[in-house]
Amino acid sequence: MDLFSRPNEVINCCLFFRTPLHYAAANCHFHCIETLVTTGANVNETDDWGRTALHYAAASDMDRNKTILGNGHENSEELERARELKEKEAALCLEFLLQNDANPSIRDKEGYNSIHYAAAYGHRQCLELLLERTNSGCEESDSGAIKSPLHLAAYNGHHQALEVLLQSLVDLDIRDEKGRTALDLAAFKGHTECVEALINQGASIFVKDNVTKRTPLHASVINGHTLCLRLLLEIADNPEVVDVKDAKGQTPLMLAVAYGHIDAVSLLLEKEANVDAVDILGCTALHRGIMTGHEECVQMLLEQEVSILCKDSRGRTPLHYAAARGHATWLSELLQMALSEEDCCFKDNQGYTPLHWACYNGNENCIEVLLEQKCFRKFVGNPFTPLHCAIINDHENCASLLLGAIDSSIVSCRDDKGR
């Protein structure tokens, strides 16, 4: 069971050789705990998962009050009062266990101790009590646990618990097993208060994870968490951070465009993100926007001084992408902008033009747009013509458009194999 991604299942599993003390602690039944301990119950006995009663007290589930009271706006004050009451009950139970020699350093089979559990569930008072009793558990990376309490609090959005942990931490940029920091996780999940708490304490926005090589800025734009992105950009002293690239060469702007997060795109453009930056495939944000079909993002890019004829690693321009995807309106706009440039080349590395791609994919509207320009009516430079592209995929209407716009002599064109 993964405490990091599925914390609410900790106390919902049945049996596993749990004692009555385990269940009393999980449900914050103080008098039951008191009776069991005073009559000789072993406070440090573990279940099949290696968890003690202290683990369960630290992980007592306050969210169950939402089921009892409902989620309506009229019950928000009742929910908060119930939450505060549950927090006090959990702290009372945990304090009693500590006073009766419960060991807060015992780790379960995944390497988590009671501090990890309190952080994952956001029990601020429990955390304070535990941190008073032990100096371990906050920054250890070799303990067997795959994530620190700081990561667990940040991922689950428990900003109050996070603030308690920050008071006892030296390294704010401690990494999990994938090299992610707590700031990275908070930004990915969109927990604004956690992001703010971390950056106010000096957490770095430049740290890249070990797998995707992404920074907290990348993490915030993937899910469109613009408020988190804004906070991160406000504290960035180095303007180059907005254009930092991940393992695939993608900038935050490219990801924001690819996922269609308009507000994030707008914010990054305000910060003068490089619209012509290229990834390892040679694609720009404009390539990505056209490929994914996010209209408003593409329009925002076109309002910048973006390169229309920038080629990817295969020599394809945004015009090729628009023709291949059937975006006739964008293609028309891009074409007018491209024709105004002096050095205007429409061939990719294999000699294919946007017309080839429009014919190959059967995009009739795009073919009509392209055939309005004389430069696309001459089949020169590539023996596999747009007509070949239309015929090979049985796009009869596309073939008819070509024959009508040019002349019937193109039926005699042969490819490089003489076909």
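Residues numbered from 1 in each chain as written. Predicted model: local features only at pLDDT ≥ 70, side-chain atom pairs only at ≥ 80, totals over all residues. Heavy atoms only, no water.

Participant: What's the story with the overall build of the protein in this structure? I'm lost.
Facilitator: Within the protein, the regular secondary structure consists of 23 helices and zero strands. Every one of the 419 residues in the protein was classed for burial, and the buried ones make up 51%. (Helix = DSSP H or I, 4+ residues; strand = E, 2+ residues; numbered from the N terminus. Buried < 20%, exposed > 50% of the residue type's maximum accessible area, 1.4 Å probe, protein only.)

Participant: Looking at this structure, I do not really get unusual backbone geometry. What am I missing?
Facilitator: Residues other than glycine predominantly adopt negative phi, and peptide bonds predominantly adopt the trans conformation. In this structure, Glu272 takes a positive phi of about 60 degrees despite not being glycine. Notably, Asp394 is not glycine yet its phi reads approximately 65 degrees, a positive angle. Relative to the elements of secondary structure, Asp394 occurs in the loop between helix 22 (386-392) and helix 23 (396-405).

Participant: For this particular structure, what's the right way to read the nonpolar core?
Facilitator: Note on soluble globular proteins: their nonpolar side chains tend to be buried together. Leu97 and Leu253 are the most contacted members of the largest nonpolar core, which has 123 residues in total. For this core, the element with the most residues is helix 5 (residues 76-99), which contributes seven residues. (Core = buried A, V, L, I, M, F, W, Y, C linked by side-chain atoms within 4.5 Å.)

Participant: I tried to follow the pattern of salt bridges on my own but got confused; where do I start?
Facilitator: Pairs can form between side chains of opposite charge once their charged atoms are near each other. Across all of its chains, the model carries eight salt bridges by this definition. Residue Asp415 pairs with Arg419 through a salt bridge whose shortest N-O separation is 2.7 Å. (Salt bridge = Lys/Arg side-chain N within 4 Å of Asp/Glu carboxyl O.)

Participant: Please explain the packing of aromatic side chains as it appears in this structure.
Facilitator: In this description, a pair of aromatic rings is defined by centroid distance and the angle of the planes. Going through the model one piece at a time under the given rule, you end up with three aromatic pairs. Relative to Phe96, the ring of Phe30 has its centre 5.5 Å away and its plane inclined at 75 degrees; by these criteria the two rings are edge-to-face. Of this pair, Phe30 sits in helix 2 (residues 30-38) while Phe96 sits in helix 5, placing them 66 residues apart in sequence. Here the aromatic rings of Phe346 and Phe376 are separated by 5.1 Å at their centres, their planes lie at 45 degrees, and the arrangement is tilted. Taken as a pair, Phe346 in the loop between helix 19 (328-339) and helix 20 (354-360) and Phe376 in the loop between helix 21 (364-371) and helix 22 lie far apart in primary sequence, 30 residues in all. (Phe/Tyr/Trp six-rings, centres within 6.5 Å; stacked < 30°, edge-to-face > 60°.)

Participant: Explain helix 16 (residues 285-292) to me, please; I cannot follow it from the model alone.
Facilitator: Since the α-helix packs 3.6 residues into each turn, any two residues three or four apart lie on the same face. Within helix 16, six of the eight residues are buried, which leaves it mostly tucked inside the rest of the structure. Where helix 16 is buried, its residues touch helix 14 (252-258), helix 17 (295-302), helix 18 (318-325) and helix 19. Downstream of helix 16 by one or two residues, Gly293 has phi in the positive range, about 80 degrees. (Contact = heavy atoms within 4.5 Å.)

Participant: In this structure, what is going on with the environment of Cys32? I would like to understand it.
Facilitator: Locating Cys32 in the fold gives a position in helix 2. Using a relative accessible area of 41% as the deciding quantity, one classes Cys32 as partly exposed. A sequence separation of 12 residues divides Cys32 from Pro20, and the C-alpha atoms of the two residues are 8.8 Å apart.

Participant: Would you mind going over the packing of helix 17 against helix 19 with me for this structure?
Facilitator: The description of two packed helices rests on the angle between their axes and on the distance between the axes. Viewed as axis vectors pointing N to C, helix 17 and helix 19 meet at an angle of 10 degrees, and their least axial separation amounts to 12 Å. The angle between helix 17 and helix 19 places the two elements in the roughly parallel class. Residues Glu295, Val298, Gln299 and Leu302 of helix 17 form the contact with helix 19, whose participating residues are Trp330, Glu333, Leu334 and Met337. (Axes fitted to C-alpha atoms, helices over the stretch in contact; angles between N-to-C directions. Parallel < 35°, antiparallel > 145°, perpendicular 65-115°, else oblique.)

Participant: Quick question: what am I supposed to make of the packing of helix 15 (residues 262-270) against helix 17 here?
Facilitator: Contact pair helix 15 / helix 17: the axes reach a minimum separation of 9 Å and the direction vectors enclose 15 degrees. As far as their axial angle goes, helix 17 and helix 15 are roughly parallel. With respect to the hand of their crossing, helix 15 and helix 17 are arranged in right-handed fashion. In this structure, helix 15 contributes Ile262, Val265, Ser266 and Leu269 to the contact, and helix 17 contributes Glu296, Cys297, Met300 and Leu301. Looking at the contact of helix 15 with helix 17, its residues break down into six nonpolar, one polar and one charged. (Left-handed = near helix turned anticlockwise from the far one by under 90°. Nonpolar A, V, L, I, M, F, W, Y, C, P; charged D, E, K, R; others polar.)

Participant: Just to check I follow, could you spell out helix 13 (residues 226-234) for this structure?
Facilitator: Residues Thr226, Cys228, Leu229, Leu231, Leu232 and Leu233 constitute the buried set of helix 13. Tucked inside the fold, the buried residues of helix 13 contact helix 10 (182-189), helix 11 (192-200), helix 12 (216-222) and helix 15.

Participant: How do you make sense of the confidence of the model for the protein when you look at a structure like this?
Facilitator: Detailed conclusions should not be drawn from predicted coordinates in areas where pLDDT is low. Mean pLDDT over the protein: 88, with 89% of residues reaching 70 or higher. Across residues 4-13, confidence stays below pLDDT 50; counting only partners more than four residues off in sequence or on other chains, it has 33 contacts. Here residues 64-74 is a poorly scored stretch, pLDDT under 50, and it has 15 contacts once near neighbours within four places are set aside; other chains count. (pLDDT = per-residue confidence, 0-100.)

Participant: Would you mind showing me how to read a negative patch on the surface here?
Facilitator: A contiguous patch of negative charge, built from Glu163, Glu193, Glu196 and Glu234, is present on the exposed surface. Positionally, Glu193 belongs in helix 11. The partly exposed category is assigned to Glu193, whose relative accessible area is 46%. (Patch = residues over 30% accessible without salt bridge, like charges linked within 9 Å, V, L, I, M, F, W, Y side chains within 5 Å. Areas by Shrake-Rupley, 256 points an atom, 1.4 Å probe, with all protein chains shown as cover. Lys, Arg positive; Asp, Glu negative; His and termini not counted. Charge placed at Lys NZ, Arg CZ, Asp CG, Glu CD.)

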